[in-house]
Structure formats: structure tokens, C-alpha cells
Amino acid sequence: MSRAWEYAADVTLPGGHPAVGPRVGKIIEQLAGRLIPAGGLIDVSVEETDAYKAVARYLRDLDSGSRLGIKALLLAFDLAPFLFIQRFSRFTRLSPQEQELYLHDWSDSRLYYRRMVVVLLKTIIGLGFYNDPLVLEKMDFHLKCEEAGS
Amino acid sequence: MTRTFKDIKGKLSLDCDVVVVGTGAGGASCAHRLARAGKSVVIIEEGSPITPDRFTTDSWAAMRQLYRDGGMRAMGGKMVIPTLQARVVGGTTVVNSAICFRLPDDVLDEWVETEKLEGLTPEGLAPLFEEVEEIANISQEDDDYLGMNNLLMQRGCENIGWKGEKIYRNSRGCRGCGVCMSGCVDGAKMSVDRCFIPRFLELGGELVTDCRIEKILVRNGRALGVTGTMIDPESLEPSRSSVEVRARATVIACGAMGTPVLLQKNNLANSSGLVGRNLCNHTATGMVGFFKEDVYAWDGVNQGYCCDAFRKDGFIIEVAWAPPDVIGIRLPGFGIRHKDGMARLKNMVLWGAMIRAKTQGTVKARKNGWSPAIIYNMTNRDARLMQISMKATADLLFAAGCEYICPGIHKVPSELYRRDKARLIMEANLKAEDFSPIGNHPNGTCRMSGDPKRGVVDSYGRSHDIERLFIADASIFPNSPGVNPQVTIMALAAHVADHIGQTI
């Protein structure tokens, strides 16, 4: 069971299905582990934030065509390591080092649309993380208009 | 009088002198001017009225609340270029950074000469600009609220010897919260819903919100008004309630995306074949810089200073800022290195170069729905201009004392630590796809021209094809003005209004 699926299970589509299913949830979780790994100067992990829920809400709020498109893209991304780094494995089953290699292959690609996939993934995973109060506090980010007495 | 979704059950029929579709910079200014001239005016707006207490500082929630297509609208083609328009009473003036420039005289001269326009002179427009500036309280902010992000650009301009200036802004009581793009939570931004629309209502004008105009009524080649469907503001689904407004003149002011879509769906005013073509914009891209000192770029006016030394060369450099999650997208790379970069958020600035792009795209109505298909393929000329503008931005950042910059350009190192290294930006063999721009201030999709073969409307916003049909928004610009356009839109809309007032 993926943590992304578990954490965001209560974010559902109009039909009652979770916005993030187990397989897509697994991909999101592994991606989050590479894009925003635990540790570093912001010692907050993705699991400590609302990031998975934010991804689920993002997918929920898209129109059905775009939602399907992004899920298809995630599944294709998961299946494609053989095409780009010649590993006979899904992204979700690669070692962390190989996952990083695979992501770099996309982000440094000559092809614009492959680079944009990484931008999209950074956007989806990062939108909840870098908007989370815990992370904002670590970055010393306080909005004047949200201060007490404002 | 204002009527919203909950006020209208069944069919509402209204009669007036002028119906204006859209409450953005153009629609609000035009409607106010006509109401002040004694005309009975009805404005129809697809979005809802949203007061400052309902704005949120959560950027993604704000996208869904205020922006068309939930903030996901983009121009397609060989690249994906985001372009943002608002869907709210006040239009995009509610979510912009309150930047105010008059249309430069040299640009007006160029428009007049190229499109054989009449009645548009710097002297003629000056009183219209002055009135807009008075109503929208346009001024330069106090230094107290500029914040370090802006003051650093000022320092950079002084050190390098380039012309820079504090940006004129339409605000009253701004304290520099830095969240302009999510709607001003203090209500300090004088977006048109807070200046023109209240005055319009005081003059007896009528405003109907949550109504999507779908049909322009035409008989014997003359516009007779519009009909539309009420939209549930929660679900954004059409309801069974409808509105019909009969008017002596019809003004479309749905912006450079919405206006051509409405005309295309109605198969109107397109003998030139130009409705939806000639899509221009200010293509812009940002560059992150890190300073040793604490900047706290979010503390202060979002965009309060610009370097306009290169305006006549086709670009200006403006201070910018965005919420942390958006900054996270701009910062290169991923993993711990990226995360550690984000940890230094308080040391960052984001400055952007905005080019007067010459690329022409298209806006086309889709068979289903009202979101347009937008095609925009940036030309090599514009890519080259963007390259030059990014080099200048890098030079300015280093002149301000920047520790290092993140150019955000493919084929250029992701971090540059010395000013002499900024030359790498110019030395790279760059194409449009190597940049990550956004498309600001779309315009030109219903160009005005004295020649009916070159324009959709004439010098007064009047359709060349349909009597008493007018357009009063950025779609009538012949091309991009090279400066942030809201004041120009307002002044030109007032110019259109004056003509309508004299002719009906």
C-alpha cells in the first residue's frame, strides 16, 4: 500500500472513488522521494506535510480529460525506464540512484516536452509541500497580511 | 443595482441604451464613461463579485477561485506557455500586480501609422489617461512599502547606470503584502471592481453577474443586444435561468481570449478573417537571484520597480515575485540541492524580463465549451530578444550585488556565480523551447484598423461588419504596447465609449 494513497484516501471524485488510486499513489510517493527527499536544510519530509493530499485535490479539481491525461502520463513515466536508461524495470522498482538517473535523463533531455514532464511533476508534488505551514516556517516565510492583528 | 446568480430565476429581460459584456479593464471603464454621459447601461459578467474578505493567500486555491480554467490555461504549439486570465467581477485587474503605464507615444504613433487609425493622438488620449489615473488612484508607492526586492533593482540600476523607476500603481493604502496575484486581501488594490464599478453603480448602472453571454442578437446587419445563461458560481455549471438584454449598442469586452471566441461562436464580424488571429502578448520569463543578505522578497510591493532602459529595444525588466510553491517550480533541479535552495527563500529575488513579442498566434473557439484552443509558436526573432533580455537581467542582478543567479534557461548552466559568466547566456545557441516563459497581456485578436481588410474594428472600436457592435478590450490593440496594458485598455475603452455616446 502506498502512503500517498493512504494519506489522500479521503479526497474523492464525484463518484466516490479516491482521486489517487494505489498504483498512481505508488508512483507519486516514489517521485516525491526523489524530487523532495527527506533531510537537507528543510528537515521536513513529504509525509509530515499535506503534500499528498494536495496532489489528490489537484487531480480531483481537474476536468476529467486532464485528470486522465496526467494519470496516463504518470503510468507511462513509470513504465518507460527501458526506453531511456535501458533498465528492465518500472520507475517505482528502481533503486533510488537509478530513479535519480532516470529523472535527470528526462530533465536534461534535448526534447522540450520531456523536460516539461519534470516541470509538471515538480509542480504537482511541490505545490502542497512548499505551501505547507511547517515548511513555510522553516523557510522563515511569514505573510504580513496573515500576521496577528492584521 | 447588482443582480447575482441567486437573484435571477427564470428569464430576465432588460432594455437599455448600451449593454457591455465583461467587467475587466475595458468593460468597466467603457460602461462607467457611458453611464456618466447619461446612458442607461447594463454590464454582464460571467464571474462572480468577490470581496477582499473572501480572497485567500493559498495560491492554488486562489487559482481555482479567481482564474479561468482553474489557472491551467496555456498556449500550445511547439511549447506550452501558461497564460492567466481571471474570471471574476473586475477581470484580470483583480489579480494583476497593479502596474500602471500609459501607452508610450512612439507605440501609439506606430499603431496609427500602420493601421491608418484616426482620432487617436497623444494629446487626445491624455485627458482619458488622466481620468483613469484619478479614478484608479494611480501613484508611485512610498519607499516604505517597496521592500528589498524592489530596492535591490533600484540599486542595480544605479550601479550599472541604466534607467529605472518606481512603478506607478493603482492602489490606496497598500502595505506591501506581496500577494497581489491572489486578489488583494486588504482591498488596497484599486482594481476596476473597486473604482469604476462602484461609480458605475452609483450612476444608476446595472450589473448582472454569473451570466455567460452566448449569443449576440443581430438583425439586418445591426446588433440588438445579447442573451446568456446564468452559471452556478459553485459548480460553474449552466443553470436554466437566462438573461436577455436589448440595447441600442452592444459592446464586447471579454478580453483577447473571450471576445474572439464569442464572435466565432456567433459567426459574426469576421469578413476580414482576422477574428482570433494576430494573438500577441508580452512573453516574459523570470530569473532567480540569490543574495547574501536577507531580502524577504515577499515583504513589500510585488512589482514596484522596473528597468525601462531597453523599452525601445523591445523589453523591460521588472521586479516580480510569486508564492513559494511557484518559486519551487522556477528553481532548477530537484532533490536535496533544490530543497536546500528553497531553504534560502529569504535570500532570493525573482526578476523578470518582458519582451514586446512580435509572434502572432491564434485563438479558436472549440466546438464544445468556452475555453479556447490557443496556438502560439514563438519565433526565432522573439527567442533572440528573450536571450538578450535575460542577459540584461543577469547583468542587472550582478550589478545589484547578487551572489549567484539561476538563469532557468536550457543549455545554460543552472547556476552562474560571476558577472562575466553571464556572457554564457548570449553565447548559447538558444531556441524558443530553451526558455520557460509565460504569456502576459494577450491582445490583438480583434485588431483595430482603418482598413477593413486588416482589422475587425475601426479606430473607435466599431465593427466593420455589424452596425452598433463595438469591442472595448485588449483584443483591439494592433499589437503589444511593450508596457503593462491595463491603463491603455481603460483609456481606449473610454475613447470607444465617447464615440458610442456621440453616435447612438
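The shown structure was predicted, so the numbers you read here are calculated from the model rather than taken from an experiment. (Residues numbered from 1 in each chain as written. Chains lettered and ligands numbered in written order. Predicted model: local features only at pLDDT ≥ 70, side-chain atom pairs only at ≥ 80, totals over all residues.)

Novice: Hey, could you go over the overall build of chain A for me, with residue numbers and the actual values?
Specialist: A tally of regular secondary structure across chain A gives 8 helices and 0 strands. Dimensions of chain A, computed from the C-alpha atoms along their principal axes, are close to 60 × 40 × 30 Å. Looking at the 150 residues of chain A, the share that counts as buried comes to 34%. Considering only contacts in chain A between residues 6 or more positions apart, those separated by 24 or more positions represent 58%. (Helix = DSSP H or I, 4+ residues; strand = E, 2+ residues; numbered from the N terminus. Buried ≥ 20, exposed ≤ 12 C-beta atoms within 10 Å, placed from the backbone. Contact = placed C-beta atoms within 7 Å.)

Novice: Explain the packing of helix H4 (residues 122-135) of chain B against helix H12 (residues 486-503) of chain B to me, and be specific about the residues and the numbers.
Specialist: All names here are of chain B. Relative orientation of the contacting elements H4 and H12 amounts to 120°, with a least axis distance of 9 Å. Viewed along their axes, H4 and H12 adopt a mutual orientation that is oblique. Considering only the axes of H4 and H12, their crossing is right-handed. Here Leu125, Leu128, Phe129, Glu131 and Val132 of H4 come into contact with H12, specifically with Val487, Met490, Ala491, Ala494 and His495. (Axes fitted to C-alpha atoms, helices over the stretch in contact; angles between N-to-C directions. Parallel < 35°, antiparallel > 145°, perpendicular 65-115°, else oblique. Left-handed = near helix turned anticlockwise from the far one by under 90°.)

Novice: Could you give me a rundown of the nonpolar core, with the residues and numbers involved?
Specialist: With 208 residues, the main nonpolar core has A:Val55, B:Cys30 and B:Ile44 as its most contacted residues. Setting aside residues up to four positions removed in sequence, B:Cys30 forms contacts with B:Val20, B:Val251, B:Ala253, B:Ala472, B:Ala493, B:Ala494, B:Val496 and B:Ala497. (Core = buried A, V, L, I, M, F, W, Y, C linked by C-beta atoms within 7 Å.)

Novice: Give me the lowdown on the environment of B:Pro442, citing residues and values where you can.
Specialist: For B:Pro442, the location among the structural elements is in strand E21 (residues 438-443). C-alpha separation for the pair B:Pro442 and B:Cys280, spaced 162 residues apart in sequence, amounts to 5.6 Å.

Novice: Residues and numbers for the packing of helix H2 (residues 22-35) of chain A against helix H7 (residues 112-129) of chain A, please.
Specialist: Residue and element names in this part refer to chain A. Running from amino to carboxyl end, H2 crosses H7 at an angle of 95°, the nearest separation of the two axes being 10 Å. Compared by their axis directions, H2 and H7 come out roughly perpendicular. Judged by residue contacts, Leu31, Ala32 and Leu35 of H2 engage Leu121, Lys122 and Ile125 from H7. Split by residue class, the contact of H2 with H7 holds 5 nonpolar, no polar and 1 charged. (Nonpolar A, V, L, I, M, F, W, Y, C, P; charged D, E, K, R; others polar.)

Novice: Please provide a residue-by-residue account of the pairing of strand E12 (residues 222-231) of chain B, values included.
Specialist: Residue and element names in this part refer to chain B. Two elements, strand E11 (residues 211-219) and E12, share 8 bridges in a ladder whose sense is antiparallel. Bridge pairing in E12 links Leu217 to Gly225. Hairpin connection from E11 to E12: 2 residues lie between these consecutive antiparallel strands, with Asn220 at a positive phi of about 50°. Both E12 and strand E13 (residues 238-252) contribute to a ladder of 6 bridges, which runs antiparallel. In the strand pairing of E13, Thr229 is matched with Ser242. Between the end of E12 and the start of E13, which pair antiparallel, lie 6 residues, with Leu236 showing a positive phi angle near 60°. (Pairing = 2+ DSSP bridges.)

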